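Observations on chain architecture
Next come the chains, spelled out residue by residue.
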Amino acid sequence: MYFRAPGANRSGRTVVRINGNAEAWELQAPGLSALYTAAGVNFLVVNFRGVGRSRFPRALGSERLGVAAAVLGSRRALSAAVLDTWSVVQFVLRALGVPEPRVAVVGHSIGGALAAALLAQRPLRVALCSSRSFARLLPVAAHLAPVLLEVPPHGLRGRALTRLTQALLWLGRWELCAPPPPPPPPP
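Quick notes on the rules
Residues numbered from 1 in each chain as written. Predicted model: local features only at pLDDT ≥ 70, side-chain atom pairs only at ≥ 80, totals over all residues. Heavy atoms only, no water. Buried < 20%, exposed > 50% of the residue type's maximum accessible area, 1.4 Å probe, protein only. Helix = DSSP H or I, 4+ residues; strand = E, 2+ residues; numbered from the N terminus. Pairing = 2+ DSSP bridges. Contact = heavy atoms within 4.5 Å. Core = buried A, V, L, I, M, F, W, Y, C linked by side-chain atoms within 4.5 Å. Polar contact = N/O pair within 3.5 Å; in protein donor to acceptor, adjacent residues only side chain to side chain. Phe/Tyr/Trp six-rings, centres within 6.5 Å; stacked < 30°, edge-to-face > 60°. Lys NZ or Arg CZ within 6 Å of the ring centre and 35° of its normal. Patch = residues over 30% accessible without salt bridge, like charges linked within 9 Å, V, L, I, M, F, W, Y side chains within 5 Å. Areas by Shrake-Rupley, 256 points an atom, 1.4 Å probe, with all protein chains shown as cover. Salt bridge = Lys/Arg side-chain N within 4 Å of Asp/Glu carboxyl O.

Quick notes on the pairing of strand 3 (residues 42–45)
- Side chains Asn42 and Leu44 project from strand 3 onto one buried face, and the interleaved Phe43 and Val45 project onto a second face that is buried too.
- One ladder, built from two bridges, connects strand 1 (residues 2–3) with strand 3; its direction is antiparallel. Counted as the bridge partner of Phe3 is Phe43 from strand 3.
- Sheet analysis places strand 2 (residues 14–18) next to strand 3, joined by four bridges and oriented parallel.

Written out as C-alpha cells, the structure is:
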C-alpha cells in the first residue's frame, strides 16, 4: 500500500517498511502512514507471501501443511522473502522514480534482517533502519514456539517443542547468517 504525503511529489523522500513476521500492512498502516505522511514523507508497505490475503500453496490439501512445507521445507521461503523485499525497493526506485538517496528501508524484526540481507547482496545508496531485529532466527523461534502455542516453556512439552523447532529450522536451513565462530583457544 502506497501513501503519498500531502504536497509531496511521487519521487520525494520515501520510506519502505519491511514488516516483521506475520505482520499485515492492514494492521500497521493507519498509524505508521500518518506519522510519515504528516512529516512530508511518502510511505510504502506490503504483505509478504502468506500474510493477510496472500496465501501459500496447499500441501496434501491443507493450508497449514502448505505453510509448514514452504517455511520449513527449504530455503525457498527465505529466498522468496528477500525477492519480495527486492521487488518492493525496485518498485519505488523504478516505477515511482524515487532516487536512491531519497529512499529509506525500515525493517522491523525479521524485516530488518531481510532488508540487511538484501542490501548486503545488492548494494544500493539507500538508508537502512533495522528496528528490533535479531542476528539469528533459531534462538528466537525456539524461545517463542512454546509461548505462542501456550505451552509452559520449562516443562517437558515446552522443552520438546523448543528442540523440535530448532531441529526443523536447522534442517530447513532457515537462518539468515552463519552461527558465530567459536572463541579462539586460550593462549
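The structure having been displayed, the exposition proceeds.
Considerations on the environment of Val89
- Among the secondary structure elements, Val89 is positioned in helix 3 (residues 76–95).
- For Val89 and Ile18, which are 71 residues apart along the polypeptide, the C-alpha to C-alpha distance reads 9.8 Å.
- In contact with Val89, not counting residues within four places along its chain, are Val105, Leu118 and Leu124.

Some points on the sheet that holds strand 2
- Taken in spatial order, the five strands make up an open sheet running 1-3-2-4-5, and their pairing is mixed. Each edge of the sheet is formed by a strand with only one pairing partner; in this case those strands are strand 1 and strand 5 (127–131).
- Bridge count for strand 2 against strand 4 (residues 103–108) is five bridges, and the pairing is parallel. The partner of Val15 across the bridge, within strand 4, is Ala104.

Observations concerning the nonpolar core
- Residues Val16, Val92, Val103, Val105 and Leu124 are the most contacted members of the largest nonpolar core, which totals 23 residues.
- The set of elements that each furnish at least two residues to this core consists of strand 2, helix 3, strand 4 and helix 4 (110–121).
- Here this core takes seven residues from helix 3, the largest share from any one element.
- The residues touching Val103, leaving out its near neighbours within four places in the chain, are Thr14, Val16, Val92, Leu93, Val98, Val126 and Ala127.
- Leu32, Val41, Phe43 and Val45 belong to the second-largest nonpolar core, a separate cluster that totals six residues.

Quick word on the side chain of Arg17
- Tracing the sequence through the fold places Arg17 in strand 2.
- Residue class for Arg17 comes out buried when judged on its relative accessible area of 9%.
- In terms of polar contacts, Arg17 uses its side chain to reach the side chain of Asn19, at 2.9 Å.

With respect to the packing of aromatic side chains
- Summed over all chains, the structure comprises two aromatic pairs.
- Relative to Phe43, the ring of Phe3 has its centre 6.1 Å away and its plane inclined at 35°; by these criteria the two rings are tilted. Here Phe3, found in strand 1, pairs with Phe43, found in strand 3; they are 40 residues apart in sequence, far enough to count as distant.
- Ring geometry for Tyr36 and Phe43: centres 5.0 Å apart, planes at 10°, overall stacked.
- A relative accessible area of 1% places Phe43 in the buried class.
- An aromatic cluster is defined as three or more aromatic residues linked by ring pairs; in this entry it consists of Phe3, Tyr36 and Phe43.
- Arg122 extends its terminal NZ or CZ atom over the ring of Trp86, reaching a point 4.4 Å from the ring centre.

Some details on a nonpolar patch on the surface
- Residues Leu144, Val147, Leu148 and Leu149 make up a contiguous nonpolar surface patch of roughly 400 Å² in combined accessible area.
- With respect to the secondary-structure elements, Val147 resides in helix 5 (residues 137–148).
- By relative accessible area, Val147 is classed as partly exposed at 46%.

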